[in-house]
2 protein chains.
Amino acid sequence: MSRAEQKERTRRAIINAAFSQLSADKSFASLSLREVAREAGIAPTSFYRHFADMDELGLTLVDEAGLMLRQLMRQARQRIEKNGSVIRTSVETFMEFVTGNSNVFRLLLRERSGTSAAFRSAVAREIQHFVAELAEYLRKETTCPDELARAQAEAMVTLVFHTGADALDAPASQYAYLTSRTITQLRWLAHGAASYGRKPKEQGPL
Amino acid sequence: MSRAEQKERTRRAIINAAFSQLSADKSFASLSLREVAREAGIAPTSFYRHFADMDELGLTLVDEAGLMLRQLMRQARQRIEKNGSVIRTSVETFMEFVTGNSNVFRLLLRERSGTSAAFRSAVAREIQHFVAELAEYLRKETTCPDELARAQAEAMVTLVFHTGADALDAPASQYAYLTSRTITQLRWLAHGAASYGRKPKEQGPL
DNA sequence: CCGTTTAGCTTACAACTGTTCGCTCATTCT
DNA sequence: AGAATGAGCGAACAGTTGTAAGCTAAACGG
């Protein structure tokens, strides 16, 4: 086996070990270099042949997680073309991602407000992809001015993302409810932005 | 000094030490019993005279943070009565809380998706107070049916809460923008729910 | 084919961590 | 006054952590 090939192989072993140790009760911050190395089948010190420190590993994990998110978006687009309902399809696709890759989603969720500024901005960047893409769609499909399209997209992504977080702790029987509730909330946003967007002045008690 | 009084005093010293060590780069999980004890001015072993372990301390901190949140709600209500605009006043009050007690807010934000199920549900409970109170207000002020009022309140709290999270990493110059954007988003929700709530069927590409 | 490169190893160290045990001594209770 | 309680302490233990130094051996480049 080629040398570079073997190196890449144990690099992947490290990454996979790290992902597999993430769970509901174990965040990236609570991983230890030694434990990861153990599961990857290498000596602790060999870790340094691949990453300068745990932070570098963490940023790699965030990048990979972001990659999965983008694949998800592509998949959602395909389903939308067949299905028609943008909101319903998007929310359902996202919920499937959350429940099917809960550890990956947890990584993004936690590091978004974690203790490393580098991690936080890396996650924020990945989420911005979502927002930008959705905002562009809204600009095309509606008559929304640019700035409002972005604000609307931000709100939608925030709602979907954090309903996903709720789903992590909810029993599976709640998924359907959470999904349909989120769909309703996004429709409210879309509807409100469409009819209210051009007169954002205060009126009434709200 | 009375014995009970002295005990309460060092208990507070522990709690204060813990709060003061929380920061952008230090989460509760990364606090150490010994460091907290050091700052509180007691021996590490004396910690156990007040808390069974760090988790018990953590739950206490979450409770105190929840208390501050409720005081905040009370304060917001008073300001609303004078000011009139519910949404604007609520958002502004909350943003003041976030920027003025950022470590307290960070605790709630992080433990909401942290590694301890007990912490997660403790934080979730505190947030539910917000939601329940807002939902009741919506039921009174609007013609919304109960279930929709709750969904609307959940969406609003989620948006405000996580815009607060964004504010933590944003420069102070962005606060005004974040505040007004959130106000707009909440108005969209209110408006959309009011006019769209009674016919939640799919229509159009959204 | 021989010298260089390098992934991976073993050993070792210093710095923490949480927690147990037994003691002191001021406050409290009887 | 005398006994009991309990907050606080120091020493010690067993476990973990990250990381440095130096070696081996296999793949590589000339």
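In this text the structure is predicted, and so the values were computed from the model without any measurement.

Draft legend 1. Just the packing of helix α4 (residues 86-100) of chain B against helix α7 (residues 146-169) of chain B, in detail. Residue and element names in this part refer to chain B. Look at α4 against α7: their axes get within 10 Å of each other, and the N-to-C directions meet at 40 degrees. Taken together, the axis directions place α4 and α7 in an arrangement best described as oblique. As α4 runs across α7, the sense of the crossing is right-handed. When α4 is examined against α7, the residues I87, V91, F94, M95 and V98 are found in contact with a partner set consisting of M156, V160, F161, G164, A167 and L168.

Draft legend 2. Representation of helix α5 (residues 102-111) of chain B. Most of α5 of chain B is tucked away: 8 of the 10 residues are buried. Listing the buried residues of α5 of chain B in full gives V104, F105, R106, L107, L108, L109, R110 and E111 of chain B. Buried positions along α5 of chain B lie against α6 (117-141) of chain A together with α1 (3-21), α3 (54-83), α4, α6 (117-141) and α7 of chain B.

Draft legend 3. The pattern of salt bridges, seen in detail. Evaluation of the coordinates by the stated rule reveals 24 salt bridges over all chains. When the shortest N-O distance is used, the salt bridge between E133 of chain A and R77 of chain A registers 1.7 Å. Of this pair, E133 of chain A sits in helix α6 while R77 of chain A sits in helix α3 (residues 54-83); the two residues are 56 residues apart in sequence, bridging distant segments of the chain. Taking relative accessible area as the criterion, E133 of chain A reaches 30% and is therefore assigned partly exposed. Three or more residues joined by partner-sharing salt bridges are found here, namely R150 and E154 of chain A together with R181 of chain B.

Draft legend 4. Spotlight on the protein's contact with DNA strand C. Around DNA strand C lies a shell of 21 residues, among which R3, A43, R49 and H50 of chain A together with R34 of chain B are the nearest. Backbone atoms, meaning sugar and phosphate, form 49% of the atoms of DNA strand C found within 4 Å of the protein. Within the side chain of S46 of chain A, a nitrogen or oxygen atom sits 3.1 Å from a phosphate oxygen of DNA strand C. At the level of secondary structure, the elements contributing two or more residues to the surface near DNA strand C comprise α1 (3-21) of chain A together with α2 (33-40) of chain B. Here the residues of the surface near DNA strand C are counted per class, giving 4 nonpolar, 9 polar and 8 charged.

Draft legend 5. The relation of the copies chain A and chain B, seen in detail. Between the two copies, chain A and chain B, the superposition gives an RMSD of 0.0 Å; the rotation angle is 180 degrees and the shift along the axis is 0.0 Å. The operation mapping one copy onto its partner corresponds to a two-fold rotation axis. Proximity to the rotation axis, assessed at the C-alpha, singles out G192 of chain A in chain A; its C-alpha lies 1.9 Å from the axis. Of the interface residues in chain A, 100% have counterparts in chain B that sit at the interface too, so the contact is made through matching surfaces.

Draft legend 6. Molecular detail of the packing of aromatic side chains. Tallied over the entire structure, the rule returns 16 aromatic pairs over all chains. Where F47 of chain A meets Y48 of chain A, the ring centres are 6.0 Å apart and the plane angle is 90 degrees; that geometry is what we call edge-to-face. Judged by its relative accessible area of 0%, F47 of chain A falls in the buried class. Taking the centre distance of 6.0 Å and the plane angle of 90 degrees together, the rings of F94 of chain B and F130 of chain B count as edge-to-face. Of this pair, F94 of chain B sits in helix α4 while F130 of chain B sits in helix α6, and the two are 36 residues apart along the sequence. For the pair shown, F94 of chain B and F130 of chain B are each scored as buried. In this structure an aromatic cluster arises from ring pairing among F94, F97, F105, F130 and F161 of chain A.

Draft legend 7. Representation of the interface of chain A and chain B. Chain A puts 48 residues into the contact, and the matching count from chain B is 48 residues. Overall, the association of chain A and chain B removes approximately 4400 Å² of surface from exposure, summing both partners, and the carbon and sulfur fraction of that is 58%. As a salt-bridge pair, E154 of chain B and R181 of chain A come within 3.1 Å of each other at their nearest N and O atoms. At the surface where chain A touches chain B, the tally comes to 18 residue pairs in polar contact (both at pLDDT 80 or more).

Draft legend 8. Here's a closer look at the nonpolar core. Counting residues in hydrophobic clusters, the biggest one holds 124 residues, and the most contacted among them are F28, L57 and F94 of chain A together with F28, L57 and F94 of chain B. Apart from residues lying up to four places away in sequence, F94 of chain A is in contact with L69, L72, F105, F130, V160 and F161 of chain A.

Draft legend 9. Structural context of the confidence of the model for chain A. Residue-level pLDDT values for chain A average 93, and 95% of them are 70 or greater. Segment residues 200-205 of chain A: pLDDT under 50, and 11 contacts once partners within four positions in sequence are set aside and those in other chains are kept.

Draft legend 10. Up close: the environment of I87 of chain A. Counting through the fold element by element, I87 of chain A comes out in helix α4 (residues 86-100). In this structure, the C-alpha to C-alpha distance between I87 of chain A and L134 of chain A, residues 47 residues apart in sequence, is 11 Å.

Draft legend 11. Up close: the side chain of T60 of chain B. All names here are of chain B. Within the secondary structure layout, T60 lies in helix α3. Assessed through its relative accessible area of 14%, T60 is described here as buried. Among all residues touching T60, those that are not within four sequence positions of it are R11, I15 and F51.

Draft legend 12. Molecular detail of the protein's contact with DNA strand D. Around DNA strand D sit 21 residues, and of these R34 of chain A together with R3, A43, R49 and H50 of chain B come closest. At the protein interface, 49% of the atoms of DNA strand D within 4 Å belong to sugar or phosphate. Within the contact set of DNA strand D, a phosphate oxygen lies 2.8 Å away from a backbone nitrogen or oxygen of L33 of chain A. Interatomic distance of 2.4 Å between a side-chain N/O atom of R3 of chain B and a base oxygen of DNA strand D. Elements supplying a minimum of two residues to the surface near DNA strand D: α2 (33-40) of chain A together with α1 of chain B.

Here is what the cut-offs are and how they apply
Residues numbered from 1 in each chain as written. Chains lettered and ligands numbered in written order. Predicted model: local features only at pLDDT ≥ 70, side-chain atom pairs only at ≥ 80, totals over all residues. Heavy atoms only, no water. Axes fitted to C-alpha atoms, helices over the stretch in contact; angles between N-to-C directions. Helix = DSSP H or I, 4+ residues; strand = E, 2+ residues; numbered from the N terminus. Parallel < 35°, antiparallel > 145°, perpendicular 65-115°, else oblique. Left-handed = near helix turned anticlockwise from the far one by under 90°. Contact = heavy atoms within 4.5 Å. Buried < 20%, exposed > 50% of the residue type's maximum accessible area, 1.4 Å probe, protein only. Salt bridge = Lys/Arg side-chain N within 4 Å of Asp/Glu carboxyl O. Near = heavy atom within 4 Å. Polar contact = N/O pair within 3.5 Å; in protein donor to acceptor, adjacent residues only side chain to side chain. Nonpolar A, V, L, I, M, F, W, Y, C, P; charged D, E, K, R; others polar. Least-squares fit on C-alpha atoms with pLDDT ≥ 70 in both. Phe/Tyr/Trp six-rings, centres within 6.5 Å; stacked < 30°, edge-to-face > 60°. Buried area = accessible area lost by both parts, 1.4 Å probe. Core = buried A, V, L, I, M, F, W, Y, C linked by side-chain atoms within 4.5 Å. pLDDT = per-residue confidence, 0-100.

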